[in-house]
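These are the residues of each chain, in order.
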Amino acid sequence: MTVALIWGCAAAGNARPSEVTPGGFERAAEQAAAEFGVPKEVLLGVSYESSWWEGNHGRPSTKGGYGPMHLTDTTSGKTYAHRPGEGPVDATGTDDPSEHTLQAAAAMIGVAPQTLKRDELQNLRGGAALLASYQRQITREFSPDPGSWYGAVARYSQAADTATAGRFADGVFTVIRTGQQRVREDGQTVSLSKRPEVRPSKSQLASLRLRTLPAAAVPECPGELNCRFVPAAASNYQVATRNSHGIDVDFIVIHDIEGPYDAGISWFQDPSSGVSAHYVMKADGSEATQMVATKDIAFHAGNYWVNLHGVGIELEGYAAQGPTWFTPAQYKATAALVVYLARRFDVPLDRKHIIGHDNVLPPSPARAPDAHWDPGPYWDWEKFMALLDADAGADADGDAVPKLRAEGGAGGESIGIGQAVMIAPEYGKNSQTVTVCDPKCHTQTQPSNFLYVRSAPGDDAPLVSDRALHPDGAAATNRIDDWGATAMWGQEFVVADVRGDWTAIWFGGQKGWIHNPAGIHTLPAPNARIVRPSSGAESVSVYTTAYPRVDEYPQGVAASDQTRFGMYAFPQGQAYVAARTPVGADDFFPATPTRPEVVVTGDQKYDVIQYNRRLATVNHAETRR
């Protein structure tokens, strides 16, 4: 009768573990396990590995998983607004059964799918029912021995290959054998007593008949680094073989954790975070941790297309406190890793390809106000790019400009309208003032890697407006997170005008002015590839991704949204610097137990341009040299 009353309330959508007596979540899990013949250790272990026993308030993970049992529903393929600055955040949206376990579980227990999304009690029941169905297929026996459920647990991961499925199952059985205790967000303490005697039946994995992928060489690091491999939670990245499908790595993206080293590693291991990076670098340079193989897609840049073509590196530290965290040892260790990766993937060592998170535009205008701005104004790009140039030696790309300052003095070259220049303030002499609010606001003035961009040639002129951040056209501010009026070291722009000590550049669809007496803050970029609207075209549409057209996607996979930034302009008369080679339109869908990886390519090409502080894409067919 007690069980019936509890589940009856849950079905009505009125019960939540946080609303019942302490220990309600644990008792609900035990009851769900008993109802479907699943050992309670298995159900709690799977829930811990899937969500750390959290329901996330009914919100989906970056893989479209709901509730403490991470039941998936990616039907819409739409962007999830609740993770504005992180992750790929858009579900793949295919019709594969592995991406719709929520519907399958709902049908098994006779509850509406929407209820399983928001009600943790029913979500536990649905997960237990799924596990029982997998156990029935694999062994036909409902043994009380948790070890005999290894195959069902591996199948629950919905992984397409044996390595990923086994890694998930091993994680679950590690929790079962060693025990675990955690305080949930709602204050409940959930415990799983250790069962060291449990012996998982790993031979069951073969019965799933999953694909066998070649093992990644981990850790993938240069020999001089003290490097280890600690895997991120399986739900925080996508297993892929992108190097085997012609998906190029075009970007190496530098981030900072906004916290300490161990906390960053823990965050990427948290299945509820929905995020990961390929590498985490300790502030003192003594350690590096790889968390995602480079063949796989980490969720780090807030833009899935950039993730698809990028490797993410997280630095221990805080963007607003950069110099106190970004040590010489960290610069050297990170540079060694970047040169190693650039050589492996043929990534040019320039600021069109070695970028910060603050150079990545989100995939839609709605998310621009929340776009991350790390590693921030105090990451010394001049020093870092010089280290790359020194480490790479003769292999450095022709655009690796740090050596130009040494050869050409300290700037001061003549500037001609229509020419490209590189933003190159000398870090130690370039003090800028920003406002930091955390939560009280204060200003700080110190050496920085950026120049402010103003709407007219004068120190008292308003900063330029970025319509993605200020839809009303208001001027930007000097807040450290108001990035729309800052040009960073190493970026290249086309000169639009010169007046006295001021240089105008085409910047974010407008003429923006930087203080540049005698060209002291710029260097010439004679090899820059400059693009303009095609003859006869009034303007060029601005995007931040390079996906195929909708009609180029095969049946069964939802087309990703190539969202135009309508508030941005690239009209006739303006010009921007693009990467040397246009990129092809493409998209990726990971393998499932019933479908191999799907790579969708289109017949269009896109130019990646330095549009403002952030990169943008424009259709190559609409531009000319």
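Before reading further, recall that the structure is shown in the block above.
Rules behind the numbers
Residues numbered from 1 in each chain as written. Predicted model: local features only at pLDDT ≥ 70, side-chain atom pairs only at ≥ 80, totals over all residues. Heavy atoms only, no water. Helix = DSSP H or I, 4+ residues; strand = E, 2+ residues; numbered from the N terminus. Contact = heavy atoms within 4.5 Å. Areas by Shrake-Rupley, 256 points an atom, 1.4 Å probe, with all protein chains shown as cover. Disulfide = S-S within 2.5 Å. Buried < 20%, exposed > 50% of the residue type's maximum accessible area, 1.4 Å probe, protein only. Salt bridge = Lys/Arg side-chain N within 4 Å of Asp/Glu carboxyl O. Polar contact = N/O pair within 3.5 Å; in protein donor to acceptor, adjacent residues only side chain to side chain. Pairing = 2+ DSSP bridges. Axes fitted to C-alpha atoms, helices over the stretch in contact; angles between N-to-C directions. Phe/Tyr/Trp six-rings, centres within 6.5 Å; stacked < 30°, edge-to-face > 60°. Lys NZ or Arg CZ within 6 Å of the ring centre and 35° of its normal. Parallel < 35°, antiparallel > 145°, perpendicular 65-115°, else oblique. Left-handed = near helix turned anticlockwise from the far one by under 90°. Nonpolar A, V, L, I, M, F, W, Y, C, P; charged D, E, K, R; others polar.

1. Digging into the overall build of the protein chain
Right, so step 1: Scanning the protein chain for helices and strands turns up 14 helices and 27 strands.
Right, so step 2: Contacts in the protein chain between residues far apart in sequence, at least 24 positions, make up 70% of those at least 6 positions apart.
Right, so step 3: For the protein chain, the accessible area works out to roughly 23,700 Å², and carbon and sulfur atoms hold 51% of it.

2. Thoughts on the state of the cysteines
Right, so step 1: Scanning all chains against the criterion turns up two disulfides.
Right, so step 2: Here cysteine 221 connects covalently by a disulfide to cysteine 227, the sulfurs 2.0 Å from one another.
Right, so step 3: With a relative accessible area of 18%, cysteine 227 lands in the buried category.
Right, so step 4: Two residues, cysteine 437 and cysteine 441, share a disulfide whose sulfurs are 1.9 Å apart. On the sign convention where negative is left-handed, the bridge of cysteine 437 and cysteine 441, at about 110 degrees about the S-S bond, is right-handed.
Right, so step 5: Overall, cysteine 437 belongs to the partly exposed group, its relative accessible area being 24%.
Right, so step 6: Relative accessible area serves as the criterion here: at 51%, cysteine 441 is assigned to the exposed category.
Right, so step 7: Regarding the disulfides, the protein chain carries the connectivity 1-2, 3-4 under sequence-order numbering of its bonded cysteines.

3. What to know about the pattern of salt bridges
Right, so step 1: Taken as a whole, this structure holds 21 salt bridges when the rule is applied.
Right, so step 2: Between glutamate 35 and arginine 125 there is a salt bridge, and its shortest N-O distance comes to 2.7 Å. One end of the pair, glutamate 35, is in helix H2 (residues 24-36); the other, arginine 125, is in helix H6 (residues 120-138), and 90 residues separate them in sequence.
Right, so step 3: Accessibility expressed as a relative area gives 39% for glutamate 35, which makes it partly exposed.
Right, so step 4: Connected through salt bridges with shared partners, the residues Arg549, Asp551, Glu552 and Asp603 form a single ionic network.

4. Let's talk about unusual backbone geometry
Right, so step 1: Aspartate 374 connects to proline 375 through a cis peptide bond whose omega is 5 degrees.
Right, so step 2: For proline 375, the position within the fold is in the loop between strand S12 (354-356) and helix H13 (381-392).
Right, so step 3: The omega torsion of the bond from aspartate 438 to proline 439 falls at -15 degrees, within 30 degrees of zero and hence cis.
Right, so step 4: Counting through the fold element by element, proline 439 comes out in the loop between strand S14 (431-437) and strand S15 (441-447).

5. Some thoughts on the side chain of aspartate 296
Right, so step 1: Counting through the fold element by element, aspartate 296 comes out in the loop between strand S9 (288-290) and strand S10 (297-298).
Right, so step 2: By relative accessible area, aspartate 296 is classed as buried at 5%.
Right, so step 3: In terms of polar contacts, aspartate 296 uses its side chain to reach the side chain of lysine 295, at 2.8 Å.
Right, so step 4: Leaving out residues up to four positions away in the same chain, aspartate 296 has contacts with Tyr237, Gln238, Val239, Ala240, Arg242 and His278.

6. Notes on the environment of phenylalanine 299
Right, so step 1: With respect to the element layout, phenylalanine 299 can be found in the loop between S10 and helix H10 (304-308).
Right, so step 2: Among the residues examined, phenylalanine 299 registers a relative accessible area of 1% and is labelled buried.
Right, so step 3: When the C-alpha positions of phenylalanine 299 and glycine 310 are compared, they lie 9.8 Å apart, and in sequence the two are eleven residues distant.

7. Comments concerning the sheet that holds S12
Right, so step 1: Spatially, the six strands line up as an open sheet ordered S5-S9-S8-S11-S7-S12, and their pairing is mixed. Two strands lie at the open edges of the sheet, namely strand S5 (227-229) and S12, each paired on one side alone. The mean inter-strand angle of the sheet, taken between neighbouring strand axes irrespective of direction, is 25 degrees.
Right, so step 2: Taken together, the three bridges between strand S8 (residues 279-281) and strand S11 (residues 310-315) define a ladder with parallel strand orientation. Looking at S11, one finds that methionine 281 is bridged to leucine 315.
Right, so step 3: Docked against the sheet, helix H9 (residues 261-269) engages S5, S8, S9 and S11, running at close to 165 degrees with respect to S8.

8. Some words on the sheet that holds strand S20 (residues 510-515)
Each strand in a sheet pairs with another by means of backbone hydrogen bonds, the pair being arranged parallel or else antiparallel.
Right, so step 1: If you trace the five strands from one edge of the open sheet to the other, you get S20-S19-S18-S13-S21, paired in antiparallel fashion. Among the strands making up the open sheet, the edge pair consists of S20 and strand S21 (522-524). Sheet twist, expressed as the average angle between the axes of neighbouring strands with direction ignored, equals 50 degrees.
Right, so step 2: As defined by bridge partners, strand S18 (residues 492-499) adjoins strand S19 (residues 502-507) across four bridges and the pair is classed as antiparallel. What sits directly across from arginine 499, in S19, is tryptophan 502.

9. Quick word on the packing of aromatic side chains
Right, so step 1: Following the criterion strictly, the structure yields 20 aromatic pairs and no others.
Right, so step 2: Ring geometry for tyrosine 48 and tryptophan 53: centres 4.8 Å apart, planes at 65 degrees, overall edge-to-face. Tryptophan 53 shares its class with tyrosine 48; the two are buried.
Right, so step 3: Where phenylalanine 142 meets tryptophan 149, the ring centres are 5.8 Å apart and the plane angle is 70 degrees; that geometry is what we call edge-to-face.
Right, so step 4: Its relative accessible area of 0% is what places tryptophan 149 among the buried residues.
Right, so step 5: We note arginine 351 situated over the ring of tryptophan 381; from NZ or CZ to the ring centre the distance is 3.8 Å.

10. Structural notes on the packing of H2 against helix H3 (residues 40-51)
Right, so step 1: At a minimum axis separation of 8 Å, H2 and H3 run at an interaxial angle of 125 degrees. With respect to H3, the axis of H2 lies oblique. Considering only the axes of H2 and H3, their crossing is right-handed. Touching Phe25, Glu26, Ala29, Glu30, Ala32 and Ala33 of H2 are Lys40, Leu43, Leu44 and Ser47, all from H3.
Right, so step 2: Split into classes, the residues belonging to the contact of H2 with H3 amount to six nonpolar, one polar and three charged.

11. Describing the pairing of strand S4 (residues 189-192)
Right, so step 1: Residues of S4 alternate between two faces, with Val190 and Leu192 buried on one and Thr189 and Ser191 left unburied on the opposite face.
Right, so step 2: One ladder, built from four bridges, connects strand S3 (residues 180-183) with S4; its direction is antiparallel. Bridge pairing in S4 links valine 183 to threonine 189.
Right, so step 3: Linkage of S3 to S4, two consecutive antiparallel strands, is achieved through a turn of five residues, within which glycine 187 is found at a positive phi near 95 degrees.

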